[in-house]
Amino acid sequence: MSQFARSPVTAVLGPTNTGKTYLAIERMCGHASGMIGFPLRLLARENYDRVVALKGVENVALVTGEERIVPPKARWFLCTAESMPLERETAFVALDEAQLGADPERGHVFTDRLLRARGREETMILGSDSLRPMVRALVKDAEIISRPRFSTLSYAGARKLSRLPRRSAIVAFSSEEVYAVAEAIRRMRGGAAVVMGALSPRTRNAQVEMFQSGEVDYLVATDAIGMGLNLDVAHVAFASLRKFDGRRQRRLTVTEMAQIAGRAGRHHRDGTFGALVEEGPNAFTPEEVIAIEGHHVPPLERLYWRRGEPDFSSVDALIDSLSERPTHPVLTAAPEAIDLIVLKRLAEEDWVRARARSPVMVRRLWAACGVPDFRKLGPDPHSRFVGRIFGHLSEGAGHISHQWFADELQRLDQMNGDVETIAGRIAAARSWAYIAHRADWLLDPEHWAARTRAVEEKLSDALHDRLRQRFVDQRTTLLLRRIGAGAADLPVDVAADGAVSVDGHMLGRLTGFRFEVSPDTRVADKRLLIAAAEKGLAAELRKRGAELAVAGDAELALVADPGTVPVLTWNGLEVATLTGGTTLDRPVVTLDRSLHVLDRAAQGQVRERLAAWVQGDLSKRAPTLGALAALARDPAAGGALRAVAAALTEVGGIAPRDGFEAMLVPLTGDDRRRLRRAGVAIGTLDLFDARLFKPAAARWRAALLAARDGHVIEPLAPNAATVLPAGQGAWGYRRFGPQAVRVDLVERLARAAHDARQGNAPFAPDPALATSIGLKAETIARLMAQLGFRPITAEGEAPQWRWHPPRRRGPPPVPAPRPRPGNAFAALADIEFRR
């Protein structure tokens, strides 16, 4: 297979979408054996699978830097250009994308294969039309065949990401830019597949399958898609027209633009291309558009060359041979590649020269330098890595340390981390996979090849999952496709627990009438999901509105928690709040905003039902308020009675007597009886209804007062509390020094005191009631003072009490019965209290 071998050479040249690769595979399979060199591991793997389907797995080999599948009877080899086993003779040889000989980084490899790789019976060179003058100059006996493009490629102008048609591929030139574009597509269109040359074949195939199957309609890729990947792309959009080529940032050549744009369209289906901007450095010029549409690519003027069979007699001879300059006028010396840079740096090490004295060890050193810098560490770190490899290969049995290999592989066998982290682990795993496929570098290469393959596959699956999680929202993709349908056509399902989904994709949860998007939803997607829910949930919301309008009393409840506004609930779901009405007992029912999804008629029915329930429950739990309000509105009642009833209604049925003294004077006996029938007790110090201290009535009273005043609900006294610390007083409790006493109990104490006295004679009331309530001595003293009593204490005796009637108008005090024995206030100080 030397460059002097004589076999027919055919150069098949033309633009993309001409079926050149299919032709080469078809011709290879017609020979007894064959070999094709591809520019990417991805392409080698893709076409390996295709040939396996035709010839069987036992007859087909895959040879790349990181993967080597070579059955004993293999006759057809699919390889990367760098890994082509040129020492093996086959009937057919082909080189794909041969125009890459003009690439500064890898061009010398393709040029070498162009010059030296020959089949025994047939050789094919596949490439762009730009390669034509190079083939004529270097392979003079080659037959050049032009392959026209099957379909038309036309310029579609500039379109923003949000306006790109489906089945579009967006091309960027760095992983950062790819990820940024994919994220933008995910937000706007639901998701995108990601294809980059750095992806493992397994990850790339999984991503491509998402696009090919229609799971996503957009593909974001690097220029790797320009190298023969067969995708169902209708439009190619360039996110940028500049790339970093390893040395500098530069504009794409027309040939590169045409190669990438040519991926649009398939077989006889036309395709389009364009940019994302109309003007600026990332916009096409008219000349570039004409050239791409007409497939007029400028011819190549030179190819990069480096000696393919270097001199291994010594390290210096190896370096000199790799640094030779070509003699042919169309060939130019290749820029120093990473392998040669590493070789020169290691050659400066004395220990390396000491070990690389024989041609065998020089060849071994050069093989170690050929380990690619998959991690893109740069010359210095990569040189240290290669130096360690050569250290193992040049000592002992010449095998890499089992422990080192195992430890490094174990360190990479972790599936946690984000996209960048896992991609970095895959790059590192590729280095070890490359090493594992060097048959004489490890003691048990097959074992380690299997181990590295397993780790890379696990990492590849994890990377695919991360890419899918990060850049694909199946739910959004589905909704964007169906959101234009009518509400009845959107298949929204509402589970018993309120979970809302479309075709199995979770949108969120419907709680009552409030739709909440899934907690994993990003902010940019919320509007879309809410719009979808509004379309699909209309029928369900109408149904719930009708159920609420006829809800039973047991389904409705008042929530009156301190520090909040009064709320009405339906089966535990908030549906309305109470606000101030014309009177305290007639609050306004304000529907929760979530019920605004109902039409006006439905809202009116719900509001009427809730208002009716409020009046019904209020009359059941706190009848005093309704009775007082009725008295205040009763035209048959006297003016004094209506005034008292109205005033009591507005304060919630409990008030100090002092503020009502003037209104109580004109009340007749019948007026007082009507107040008592309404539940109001006119006590010594307060007006009240003891029923209002029941828990349900207290909640209603606090809620109505908060609704009227537009405030939050004040703290309520604990249920059945008789006495509170003075600092924790609540409405309906009267403060006496260190304690606040419930007003109905104050009245009981007043009654007991009057029952115990005998005229104005000193007396000692029974202490049992005060003790049972929990009153302190100071509290009792202040209470007795407000009731009109003062202590009378003789020297050396316990104090007794004497009645001092208050000066006020109104009914006479309760007659005083005979006092009962006992001394309730023996602990009081010897001081005089006056009212």
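Residues numbered from 1 in each chain as written. Predicted model: local features only at pLDDT ≥ 70, side-chain atom pairs only at ≥ 80, totals over all residues. Heavy atoms only, no water.

1. A word on helix H15 (residues 419-436)
Phase 1: Compared with the 26 Å implied by 1.5 Å per residue over 18 residues, the 25 Å span of H15 between its first and last C-alpha is a close match.
Phase 2: Extensive coverage of H15 is indicated by the burial of 14 of its 18 residues. (Helix = DSSP H or I, 4+ residues; strand = E, 2+ residues; numbered from the N terminus. Expected span 1.5 Å × (residues − 1). Buried < 20%, exposed > 50% of the residue type's maximum accessible area, 1.4 Å probe, protein only.)

2. Quick notes on the environment of Thr582
Phase 1: Checked against the element boundaries, Thr582 lands in the loop between strand S25 (573-579) and strand S26 (588-591).
Phase 2: Judged by its relative accessible area of 72%, Thr582 falls in the exposed class.
Phase 3: As a C-alpha pair, Thr582 and Arg708 span 126 residues in sequence and 9.0 Å in three-dimensional space.

3. So, unusual backbone geometry
Phase 1: Phi at Glu97 is positive, roughly 55°, even though this residue is not glycine.
Phase 2: Summarising the element assignment, Glu97 is placed in the loop between strand S6 (92-95) and helix H3 (107-116).
Phase 3: Here Glu97 falls in the buried class, since its relative accessible area comes to 7%.
Phase 4: If you check the backbone angles, His295 has positive phi at about 55° while not being a glycine.
Phase 5: Within the secondary structure layout, His295 lies in the loop between helix H8 (286-293) and strand S17 (303-305).

4. Focus on the packing of helix H7 (residues 254-261) against H8
Phase 1: Between H7 and H8, the least distance of the axes is 10 Å, while the angle of their chain directions is 55°. By the angle between their axes, H7 is oblique relative to H8. Considering how the two elements wind past one another, H7 and H8 form a crossing that is right-handed. Between H7 and H8, the contacting residues are Val254, Met257, Ala258 and Ala261 on the first element and Glu288, Ala291 and Ile292 on the second. (Axes fitted to C-alpha atoms, helices over the stretch in contact; angles between N-to-C directions. Parallel < 35°, antiparallel > 145°, perpendicular 65-115°, else oblique. Left-handed = near helix turned anticlockwise from the far one by under 90°. Contact = heavy atoms within 4.5 Å.)

5. Thoughts on the sheet that holds strand S23 (residues 556-559)
Phase 1: Strand order in the open sheet made by the four strands is S23-S24-S25-S26, with antiparallel pairing throughout. Looking at the sheet topology across the chains shown, the edges are occupied by S23 and S26. Across this sheet, the average inter-strand angle for adjacent strands is 35°, counted without regard to direction.
Phase 2: In terms of strand pairing, strand S24 (residues 567-570) meets S25 through four bridges, oriented antiparallel. (Pairing = 2+ DSSP bridges.)

6. Notes on the sheet that holds strand S31 (residues 733-736)
Phase 1: Taking strand neighbours across the sheet as the criterion, the three strands line up as S30-S32-S31 in an open arrangement whose pairing is antiparallel. Looking along the sheet, the strands with just one partner apiece sit at the ends: strand S30 (723-725) and S31. Neighbour-to-neighbour, the strand axes of the sheet open up by a mean angle of 30°, direction not taken into account.
Phase 2: Relative to strand S32 (residues 739-742), S31 runs antiparallel, the two being bridged by four bridges. Within the sheet, the bridge partner assigned to Phe736 lies in S32 and is Gln739.
Phase 3: Along the sheet, helix H28 (residues 777-787) contacts S31 and S32; its crossing angle with S31, the most-contacted strand, is approximately 105°.

7. A few points about the nonpolar core
Phase 1: With 69 residues, the main nonpolar core has Ile170, Leu343, Leu365 and Ile389 as its most contacted residues.
Phase 2: At nine residues, the largest contribution of residues to this core is made by H15.
Phase 3: Setting aside chain neighbours within four positions, we find Leu343 in contact with Leu318, Ile319, Leu322, Leu365, Trp366 and Cys369.
Phase 4: Phe513, Leu568, Leu704 and Ala706 belong to the second-largest nonpolar core, a separate cluster that totals 44 residues. (Core = buried A, V, L, I, M, F, W, Y, C linked by side-chain atoms within 4.5 Å.)

8. A word on the environment of Ala142
Phase 1: Relative to the helices and strands, Ala142 is located in the loop between helix H4 (132-138) and strand S8 (143-146).
Phase 2: Sequence separation of Ala142 and Met124 is 18 residues, and the distance between their C-alpha atoms is 9.1 Å.
Phase 3: Excluding its chain neighbours within four sequence positions, the residues that come into contact with Ala142 are Val9 and Val135.

9. A few points about the packing of aromatic side chains
Phase 1: Inspection of every chain in the model, using the stated rule, returns 14 aromatic pairs.
Phase 2: Here a set of aromatic residues connected by ring pairs shows up, and it is made of Phe385, Trp404, Phe405, Trp432 and Trp448.
Phase 3: In this arrangement the basic side chain of Arg167 is found over the ring face of Phe211, its NZ or CZ atom lying 3.9 Å from the centre.
Phase 4: Positioned above the aromatic ring of Phe693, the side-chain terminus of Arg742 is 5.2 Å from the ring centre. (Phe/Tyr/Trp six-rings, centres within 6.5 Å; stacked < 30°, edge-to-face > 60°. Lys NZ or Arg CZ within 6 Å of the ring centre and 35° of its normal.)

10. Things to note about the pairing of strand S16 (residues 271-275)
Phase 1: Of all five residues making up S16, four are buried, and the element is well covered by its neighbours.
Phase 2: The sheet contact formed by strand S9 (residues 153-155) and S16 spans three bridges and is parallel. Residue pairing across strands places Ser154 opposite Thr272, the latter belonging to S16.
Phase 3: With four bridges connecting them, strand S13 (residues 235-238) and S16 associate as parallel partners. The residue bridging Phe238 from the neighbouring strand is Ala275, located in S16.

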